[in-house]
Amino acid sequence: MTGTPNNSGKTVLVCCGTGCLANNSMEIYKELKKRVEALGPGFAVRPVLKTTGCNGLCEKGPIVNILPDDIFYCRVRVSDVDEIFEKTILRGEVIERLLYLDTSTGRRVRSHKESEFYRRQLKIALRNIGQIDPASIDDYIERGGYNALKKALFEMSPELVISEIERSGLRGRGGAGFPTGYKWRQCKRVNSFPKYVVCNGDEGDPGAFMDRSIMEGDPHSVIEGMIIGAYAVGSKKGFIYIRDEYSLAVRNVSKAIEDAYSRGFLGRGIMGSGFNFDVEVVRGGGAFVCGESTALMASIEGRVGEPRVKYIRSTEKGLWGQPTVLNNVETWANVPVIIDRGADWFAAIGTDRSKGTKVFSLVGKVKNTGLIEVPMGITLREIIFDIGGGITGNGKFKAVQTGGPSGGCIPEALLDLPVDFDSLDRAGSMMGSGGMIVMDETTCMVEVARYYLKFLSEESCGKCTPCREGIRRMLEILEDICAGRGQEGDLELLLELSETVKEASLCGLGKTAPNPVLTTIKYFESEYLAHIRDKRCPAGVCRKLTSYRINTDLCRGCGLCAKKCPAGAISGKPGAPHIIDVSSCIVCGTCREVCRFNAVEVIGGRSE
Amino acid sequence: MRVIIDGKECEAGYGEYILDVARRNGIHIPTLCHSGALPGQGSCRLCIVEVAEAGKKKVVVSCLYPITGEIEVTTNSERIYRMRRNIVRLLAARAPSGEFIKKLREEYGIPEETRFKVDEKEKCILCGLCVRACEEIGLSAISTVNRGTTKKVAPPFEEPPEDCIGCASCAYVCPTGAIEVQEFEGKRVIWNRAFELLKCAGCGRYFITRQQYEYIKNKHGIDMKEPLCDRCRQKSTAEKLIHLL
Amino acid sequence: MIQEKRGEDLSQVKSILDRYPRERRFLLAILQDIQKTYNYLPREALNEVRDYLGIPLSSLYSMATFYKALSLKPKGTYVIKVCDGTACHIRGSMDLIDEIRKLLSVSPGEVTKDGRFSLETVNCVGSCALAPVMVINDKYYGNLKPAMVKEILAGYGGIRGDWDTK
Ligand SMILES: Cc1cc2nc3c(=O)[nH]c(=O)nc-3n(C[C@H](O)[C@H](O)[C@H](O)COP(=O)(O)O)c2cc1C
Ligand code: SF4
Ligand code: SF4
Ligand code: SF4
Ligand code: FES
Ligand code: FES
């Protein structure tokens, strides 16, 4: 090599979110680091190497992004490191095969920002993620971090902060969409001290990882939001409650807190003002119900996470009976931006009653899975088909589940529904914290309802009768239906029990538990009836109600299914139609999945 | 402060619970987990009522809903009755064998359960009164265990509880008789632990476990040189008084 | 019945307790630290915690049976967590569980006889984009098919039994 290579000012970002880590991205980082460190003294400006939080494209990971050219590589392997280093980092050349493949155009794009997946998005809560090293407070500050705090402390009264948040129209991102500014105001009004602010990072929805990505990838945004909130309501102490399984989030948030202390953003006399605030991390114990506000507070107090009757709001009597503001991770992460850029700017995004953006984890049977942030009011169709690129394989869309165990399944007919708090509510689902699971025709809606009730039967705290006993019995009915023991009258009984569980349960878990059942009955009743009356699972999921048959007209005799069948139940001569031996078939569905000619059909259950 | 309960105008103090006001006015609302002597939990949900406030209707538990404004309460609308009946059905399906539950079932005209699998031996309806009673005494020898549909009441490790003094208060508050107490030959067995019973120094009746006697003496510093049952103690106090007069 | 090893070395419990003030609010954190150190909550350790914080044993037992992160039985050396979150569920996590059950003769919630593996199902490990996912100790395996399980488990070696010859 001669002369000075064109490497000046390059920053190499290696995604080290949980998804990419699972695909060995740490190894890639280490290998790159070795090469950077081995560079001779002839390099005036060494490339800067950073690890970042989740880019939201886990499925395409590990991801390496090279700035300032914004060359975005996907599915990078350790064996690609040499080439990336030599060609792209040192010489600025693009390696075509590693570029992001835009499924909607079929073309590779240099920066993922040119892709359909990215262009429809608007990043507010995720503004920094993937761009900064979560362990570096300087990275955060460089991108405008802690400006909002300074502004709040020195240019705004607590009252003004609250009215700014009120005017922005920000509503809680943890599920129910409670107006954040109003909550703060309620707390501020109460004249009782100490007051607490709490960040809900329990994220129990079994299909969602938005909050995790924020805590892992941009922990300072949450901390800054909390300090501002504490200043507004007059609190000196905060807690961040993080789900037990999220060890990386615990680590990154703890490190961020430490750094914030050392720079004077936390502790006594923050940034030279007269305001004091401390914050600590509390690890969750592994209980979905602890996401519920009163259960979460019980858990912080060192008790079993049982909710309590809350006819008196937490803003009045919360943690240890003191006024408490509890907000979700994403809610807190929005706060600094609103203060920084102003309520008007924020309120201009979204719909009439739902302002700003929402982060979703778009997963399931959709081509582009990952974390997305979209303006409120975008339609489900745009999310699933434009951003998500449509259904995987050659499947057909069936339903999208939002709101997790508290939400519901939305059918194709409602795909043009704008996504905001109120319209999802009206459809019988809810925004929830942002899980969005796409289901296709191989998903059985009865089984999905059963799945959620099973989840809830284990995750209910068990304190109150309607929830504990009602869910148990509804689950019993659904298990019967899935096993071919459904009876006439079961649907009516499910509906009646649903009413009691919904209305009479103590906390939000029970009050929303019937939603997955109610929406699937409402939109997919025929599927229930097929199970109950015809003893048939149309999706081919409930094993007792399914058997497979090879359509002899479609089968080309390629033998792939026979090779893959784990039970050895398929036989046939090459080129001739194959046959499934029903008695040894274990109904795993492998044949159906592998057949390239759609020759494997689902038929009713085996007669017992 | 005035509220209307089932059409009847009632006087209520600020923050008073609906249940208390209703009872004072002779309006019956069924309860299970409520006890005047113990802090409320609002867990059985049998006492649900409908509250209309500022044009909005909501379902609340009357035992813990504080009255803070002008509200109208309906304790037995068709909807409430239907849900209450379902709650009783659910409780009966869980714990069919207690007398208490049988009575409630009859009251609500609920037929023998045929749709669900029931455990004929189960009696506990998980109202939590026993746990709270024991906590109130200051012992917390028992607690709820597990969560969700597998929740139950048990001593630690489901072994005879170390902290138990055999006072049987838990069994006494239990509405369904789910906690077994056996007494024979100067012994009381509860939670699978045997306690020695002491005789009353007055009438000679077995009435207290040794541990309970010690506990009362030490913890509350009550002057009881020898074990005296309530009746004899009253008698002796009365005698002392008479003596003084 | 709760089975457990007796005579655990409790010195580490004391050093865990030393890190926390005697306040109830640290109970969960203390229990989690003990769980992490011993792979379960030894009974003698609970007694220590009771004495340290002055909390009745029944409350500790209640906590230990309520929170999923805590267990009263020793877990395996390798804890296999199969994600059964919604995304993983609809992409076939149950088939993975069936496969593991077959290979190791162990059901969710159990430990293999040799004490090497425990099998657990968990609700979403936050890697839905890689569904279905399995985590062994802290290592993630994504986009799994049942057929891949055998090889992964073999990587943890020493599984006794006849599953290899089958
Ligand atoms: C069963 C249940 C689970 C919940 N789980 C969560 C959760 O994981 N994360 C969260 O932020 N909110 C969760 N919530 C909502 C919280 O109770 C609370 O409304 C929210 O954290 C308030 O913050 P927000 O106003 O910023 O949304 C849950 C609620 C219920 C009833
Ligand atoms: S509704 Fe369910 S989770 Fe909530 S308090 Fe009742 S039993 Fe517990
Ligand atoms: S008998 Fe034992 S468990 Fe029951 S209340 Fe008395 S001390 Fe508590
Ligand atoms: S044992 Fe009796 S008092 Fe205790 S929870 Fe069960 S029913 Fe209630
Ligand atoms: S008596 Fe009110 S909830 Fe039980
Ligand atoms: S559902 Fe398995 S990782 Fe989210």
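Because the structure is a prediction, the values reported are computed rather than measured.

## Re the overall build of chain A
Looking only at helices and strands, one finds 24 helices and 19 strands in chain A. Relative to the 2.2 N^0.38 estimate, which gives 25 Å for 608 residues, the radius of gyration of chain A is 26 Å and therefore close to what a compact globule would have. Along the first, second and third principal axes, the C-alpha atoms of chain A reach 80 × 75 × 40 Å. The buried share among the 608 residues of chain A stands at 63%. Total accessible area on chain A is roughly 21,700 Å²; 49% of this is exposed by carbon and sulfur atoms. Once the 79 positive and 75 negative side-chain charges of chain A are each reduced to a mean point, those two points are 1 Å apart.

## As for the pairing of strand E9 (residues 187-190) of chain B
Residue and element names in this part refer to chain B. Here strand E8 (residues 181-184) runs beside E9; their pairing, made up of four bridges, is antiparallel. Paired with Gln182 across the bridge in E9 is Val189. Hairpin remark: E8 followed by E9, antiparallel, with two residues in the connecting loop; positive phi at Glu185, about 45°. The sheet contact formed by E9 and strand E10 (residues 193-199) spans four bridges and is antiparallel. The residue of E10 that forms the bridge with Ile190 is Arg193.

## Here we look at the site of ligand 1
All names here are of chain A. Around ligand 1, the surrounding shell holds 18 residues, and the nearest of these are Gly174, Asn200, Asn327, Asn328 and Thr331. Separating an oxygen atom of ligand 1 from a side-chain N or O atom of Asn200 is a distance of 3.0 Å. The contact in question runs from an oxygen atom of ligand 1 to an N or O atom on the backbone of Gly204, over 3.2 Å. Within the complex, the protein chains bury 88% of what would otherwise be the 610 Å² of accessible surface of ligand 1. Elements with a minimum of two residues in the shell around ligand 1: strand E10 (324-328) and helix H20 (508-512). Of the residues forming the shell around ligand 1, the biggest block, three residues, is contributed by E10.

## A closer look at the UniProt feature "binding site: [2Fe-2S] cluster" (unreviewed entry) in chain C
Under the UniProt annotation, the feature "binding site: [2Fe-2S] cluster" (unreviewed entry) is placed at Cys83, Cys88, Cys124 and Cys128 of chain C. The greatest C-alpha distance among the residues just named is 9.0 Å, despite their covering 46 residues of sequence, which places them together in space. For Cys88 of chain C, the location among the structural elements is in helix H5 (residues 86-90). For Cys88 of chain C, the residues in contact, after removing those within four places along its chain, are Cys83, Ser93, Ala131, Pro132 and Val133 of chain C. Ignoring sequence-local partners within four residues, the contact set of Cys124 of chain C consists of Asp205, Pro206, Gly207, Ala208 and Arg243 of chain A together with Cys83 and Gly85 of chain C.

## A word on the interface of chain B and chain C
Reports often express the size of an interface as the amount of accessible area lost when the parts come together. Across the boundary between the two partners, chain B contributes 17 residues, which contact 15 residues of chain C. Summing both sides of the interface, chain B and chain C together bury roughly 1,400 Å²; the carbon and sulfur share of this comes to 56%. Taken as a group, Arg147, Pro156 and Phe157 of chain B account for 48% of the area that chain B buries against chain C, more than any other trio of residues on that side. Along the contact surface separating chain B from chain C lie two salt bridges. Here Glu159 of chain B and Arg43 of chain C are joined by a salt bridge, their closest N and O atoms 2.6 Å apart. Scanning the region where chain B abuts chain C turns up seven residue pairs in polar contact (both at pLDDT 80 or more). Grouping the amino acids of the side of chain B that touches chain C by side-chain chemistry returns seven nonpolar, four polar and six charged.

## Considerations on the domain arrangement of chain C
Entries for chain C in the domain assignment read domain 1 (10-66) and domain 2 (78-156). One C-alpha centre belongs to domain 1 of chain C, the other to domain 2 of chain C, and the line joining them spans 29 Å.

## Quick look at the sheet that holds strand E4 (residues 139-141) of chain C
All names here are of chain C. The strand order E2-E1-E3-E4 describes an open sheet built from four strands, whose pairing is mixed. Edge positions in the sheet fall to strand E2 (117-122) and E4, since each has one partner strand and no second. For this sheet, the mean angle separating the axes of adjacent strands, direction not counted, is 20°. Sheet analysis places strand E1 (residues 78-83) next to E2, joined by six bridges and oriented parallel.

## Digging into the site of ligand 3
Looking at ligand 3, there are 13 residues lining it, with Cys134, Cys164, Cys167, Ala168 and Cys170 of chain B nearest. Among the residues making up the shell around ligand 3, the classes are represented as 11 nonpolar, two polar and no charged.

## A closer look at the interface of chain C and chain A
Counting residues at the interface gives 35 residues for chain C, matched by 55 residues for chain A. Between chain C and chain A, a total of about 3,500 Å² is buried, with carbon and sulfur atoms accounting for 52% of that surface. Counting across the chain C and chain A interface gives four salt bridges. In this structure, Asp95 of chain C engages Arg543 of chain A in a salt bridge whose closest nitrogen and oxygen atoms are separated by 2.5 Å. For the interface between chain C and chain A, the tally reads 26 residue pairs in polar contact (both at pLDDT 80 or more). When residues of the side of chain C that touches chain A are traced back to their parent elements, those giving at least two are helix H2 (27-38), helix H4 (57-66), H5 and helix H6 (93-104) of chain C. Of the residues belonging to the side of chain C that touches chain A, the class tally is 17 nonpolar, eight polar and 10 charged.

## A look at helix H15 (residues 380-387) of chain A
All names here are of chain A. Buried within H15 are the following residues: Leu380, Ile383, Ile384 and Ile387. One side of H15 carries all its buried residues, which in axial view fall inside an arc of 120°. Summarising the contacts, the buried residues of H15 are in contact with helix H4 (116-119), strand E11 (357-364), strand E12 (370-375), strand E13 (397-402), strand E14 (408-411) and strand E15 (435-440). Note on H15: the residue one or two positions beyond its end, Gly389, has a positive phi of about 75°.

## Some remarks on helix H2 (residues 78-94) of chain B
Here H2 of chain B is 17 residues long and its end C-alpha atoms lie 24 Å apart, about the 24 Å a rise of 1.5 Å per residue gives. Among the residues of H2 of chain B, Ile80, Met83, Arg84, Asn86, Ile87, Val88, Leu90, Leu91, Ala92, Ala93 and Arg94 of chain B are the ones counted as buried. Here the buried face of H2 of chain B lies against helix H18 (465-482) and helix H19 (490-504) of chain A together with strand E3 (48-53), strand E4 (56-61), strand E5 (72-74) and helix H3 (99-107) of chain B.

## Some points on the side chain of Ser71 of chain C
All names here are of chain C. Turning to its location among the elements, Ser71 is positioned in the loop between H4 and E1. Side-chain polar atoms of Ser71 contact the backbone oxygen of Lys73, separated by 2.9 Å. Sequence-distant contacts of Ser71, that is, excluding residues within four places in its chain, are made with Gln35, Asn39, Tyr40 and Leu41.

## Topic: the environment of Asp581 of chain A
Residue and element names in this part refer to chain A. With respect to the secondary-structure elements, Asp581 resides in the loop between strand E18 (579-580) and helix H24 (590-594). The exposure class assigned to Asp581 is partly exposed, which follows from its relative accessible area of 36%. Between the C-alpha atom of Asp581 and that of Tyr548, which follows or precedes it by 33 residues, the distance is 9.4 Å. One polar contact links Asp581 to Ser583, side chain to side chain, over a distance of 3.0 Å.

## Digging into the sheet that holds strand E11 (residues 206-209) of chain B
Residue and element names in this part refer to chain B. Spatially, four strands are ordered E8-E9-E10-E11 in an open sheet, and the strand pairing comes out antiparallel. Each edge of the sheet is formed by a strand with only one pairing partner; in this case those strands are E8 and E11. In this sheet, adjacent strand axes meet at a mean angle of 35° when their direction is disregarded. Relative to E11, E10 runs antiparallel, the two sharing three bridges. Residue pairing across strands places Leu197 opposite Thr209, the latter belonging to E11. Helix-sheet contacts for helix H6 (residues 210-220) involve E9, E10 and E11, and the interaxial angle to E11 is about 65°.

## Brief notes about the packing of aromatic side chains
In total, this model carries 21 aromatic pairs over all chains according to the counting rule given. A ring pair is formed by Phe157 of chain B and Tyr61 of chain C, whose centres lie 5.0 Å apart and whose planes are at 45°; its orientation type is tilted. A residue pair is termed interchain when its members come from two chains, as with Phe157 of chain B in the loop between strand E7 (152-154) and helix H5 (169-173) and Tyr61 of chain C in helix H4. Between the aromatic rings of Tyr20 of chain C and Phe26 of chain C, the centroid separation amounts to 5.7 Å while the plane-to-plane angle is 40°, which identifies the pairing as tilted. Overall, the relative accessible area of 12% leaves Phe26 of chain C in the buried class. Joined through ring pairs, the aromatic side chains of Tyr140, Tyr146 and Phe265 of chain A make up one cluster. Residue placement shows Lys358 of chain A over the ring face of Phe360 of chain A; its charged tip is 5.8 Å from the ring centre. When the ring centre of Phe157 of chain B is taken as reference, the NZ or CZ atom of Arg43 of chain C above it lies at 4.0 Å.

So, how was this worked out
- Residues numbered from 1 in each chain as written.
- Chains lettered and ligands numbered in written order.
- Predicted model: local features only at pLDDT ≥ 70, side-chain atom pairs only at ≥ 80, totals over all residues.
- Heavy atoms only, no water.
- Helix = DSSP H or I, 4+ residues; strand = E, 2+ residues; numbered from the N terminus.
- Rg over C-alpha atoms; globule rule 2.2 N^0.38 Å.
- Buried < 20%, exposed > 50% of the residue type's maximum accessible area, 1.4 Å probe, protein only.
- Areas by Shrake-Rupley, 256 points an atom, 1.4 Å probe, with all protein chains shown as cover.
- Lys, Arg positive; Asp, Glu negative; His and termini not counted.
- Charge placed at Lys NZ, Arg CZ, Asp CG, Glu CD.
- Pairing = 2+ DSSP bridges.
- Near = heavy atom within 4 Å.
- Polar contact = N/O pair within 3.5 Å; in protein donor to acceptor, adjacent residues only side chain to side chain.
- UniProt positions renumbered as here; feature names shortened; annotations may be inferred.
- Contact = heavy atoms within 4.5 Å.
- Buried area = accessible area lost by both parts, 1.4 Å probe.
- Salt bridge = Lys/Arg side-chain N within 4 Å of Asp/Glu carboxyl O.
- Nonpolar A, V, L, I, M, F, W, Y, C, P; charged D, E, K, R; others polar.
- Domains from an automatic or database assignment.
- Axes fitted to C-alpha atoms, helices over the stretch in contact; angles between N-to-C directions.
- Arc of directions from axis to C-beta.
- Expected span 1.5 Å × (residues − 1).
- Phe/Tyr/Trp six-rings, centres within 6.5 Å; stacked < 30°, edge-to-face > 60°.
- Lys NZ or Arg CZ within 6 Å of the ring centre and 35° of its normal.

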